[in-house]
Amino acid sequence: MSRAEWDHYAGRAGYLKNQGFYLYREKRLIVHGTWFGIARQMELTKLARVRIDMPNGLDAEWSVDVKKAWARPPSQVRERLQRIIAELGAPSRTIYTRRGRVLHDARLPIWERVQTDSDIVYRLNQQNPLVAAFRAQLPADVHTEFARLLQAIGSGLPMDAIFADLAGTPEIVKGESIPEESLRHFLETTYAGLVAYGISREQIPQMLRVAEPFRSNWYQTEPLIDEIARDSAR
């Protein structure tokens, strides 16, 4: 969507505060933007909206106040919502967690997301074509030091600052901009690496479209892919 549409649908309170249940009493909205204490308002679920319609005969069960401006779901409903609350936010989470997800090969993302027991770890992907191509140019005796450098960069990811920025104004948080010359170099190296991995040339554009830094620079990347594909086919 356009920036104007994004701002319009955010509403005055913004996406983060507007997520949650929207309770209608006889088709009149009386409560909006709340999970009724069943779940927290989180960045990953800020796109989730759930409409609940209730008749006016259930005011007592729903603890509707005199002004018809607030209500609380009865225990039976809360128990039911508590069981399905994870599913309610799943489509919203998918929008964010699938960014950078590859379609056929886990070696494409520069950053990889790894589940370790109860923790989620982000680290540089040593199988990424750009990383692998650079390592191949290094003398064998510095490969270990290079791997340690990648670990140091990964462990130094400023999680607190990133979380604070995303919780406040996520729409302005972006990766570093890439000059066209560098983007072309990244694309040529990645394209060659994917071909070497056995990925068909027809699949490559679809994979690149959802992987950074190509996803955020797709208007530049798409014509370059066609050009690189023609050159490699000669």
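Source: prediction; values computed, not measured.

Focus on unusual backbone geometry
Of the consecutive residues Glu-212 and Pro-213, the connecting peptide bond is found in the cis state with omega at 5 degrees. Checked against the element boundaries, Pro-213 lands in the loop between helix H8 (204-208) and helix H9 (218-233). The phi dihedral of Phe-36 is positive, around 55 degrees, even though this residue is not glycine. Tracing the sequence through the fold places Phe-36 in the loop between strand S2 (28-34) and strand S3 (49-54). Despite not being glycine, Lys-68 shows a phi value in the positive range, around 55 degrees. Residue placement: Lys-68 occurs in the loop between S3 and helix H3 (75-97).

Considerations on the environment of Leu-124
Considering the arrangement of structural elements, one finds Leu-124 in strand S5 (residues 119-124). Considering only alpha carbons, one finds Leu-124 and Glu-112, 12 residues apart in sequence, at a separation of 6.1 Å. Filtering out sequence-adjacent residues up to four positions away, Leu-124 remains in contact with Ile-110, Trp-111, Glu-112, Leu-150 and Ile-153.

Side note on the pattern of salt bridges
Pairing between side chains of opposite charge can happen when their charged atoms approach one another. Considering all chains together, one arrives at 7 salt bridges under this definition. The partner of Arg-215 in a salt bridge is Glu-212, and the shortest N-O contact between them spans 3.3 Å. Look at Arg-215 and you get partly exposed, because its relative accessible area is 32%. Each member of the salt-bridge network shares a partner with another, and the members are Arg-184, Glu-188 and Glu-227.

Overview of the sheet that holds S3
Strand order in the open sheet formed by 3 strands is S2-S1-S3, with mixed pairing between adjacent strands. Whereas interior strands pair on both sides, the edge strands pair on one side only; in this sheet they are S2 and S3. Ignoring strand direction, the axes of neighbouring strands in this sheet form an average angle of 20 degrees. Sheet topology note: the strand S1 (residues 20-25)/S2 ladder contains 5 bridges and is antiparallel. Looking across to S2, one finds that Tyr-22 is bridged to His-32.

About the thresholds
- Residues numbered from 1 in each chain as written.
- Predicted model: local features only at pLDDT ≥ 70, side-chain atom pairs only at ≥ 80, totals over all residues.
- Heavy atoms only, no water.
- Helix = DSSP H or I, 4+ residues; strand = E, 2+ residues; numbered from the N terminus.
- Contact = heavy atoms within 4.5 Å.
- Salt bridge = Lys/Arg side-chain N within 4 Å of Asp/Glu carboxyl O.
- Buried < 20%, exposed > 50% of the residue type's maximum accessible area, 1.4 Å probe, protein only.
- Pairing = 2+ DSSP bridges.
- Axes fitted to C-alpha atoms, helices over the stretch in contact; angles between N-to-C directions.

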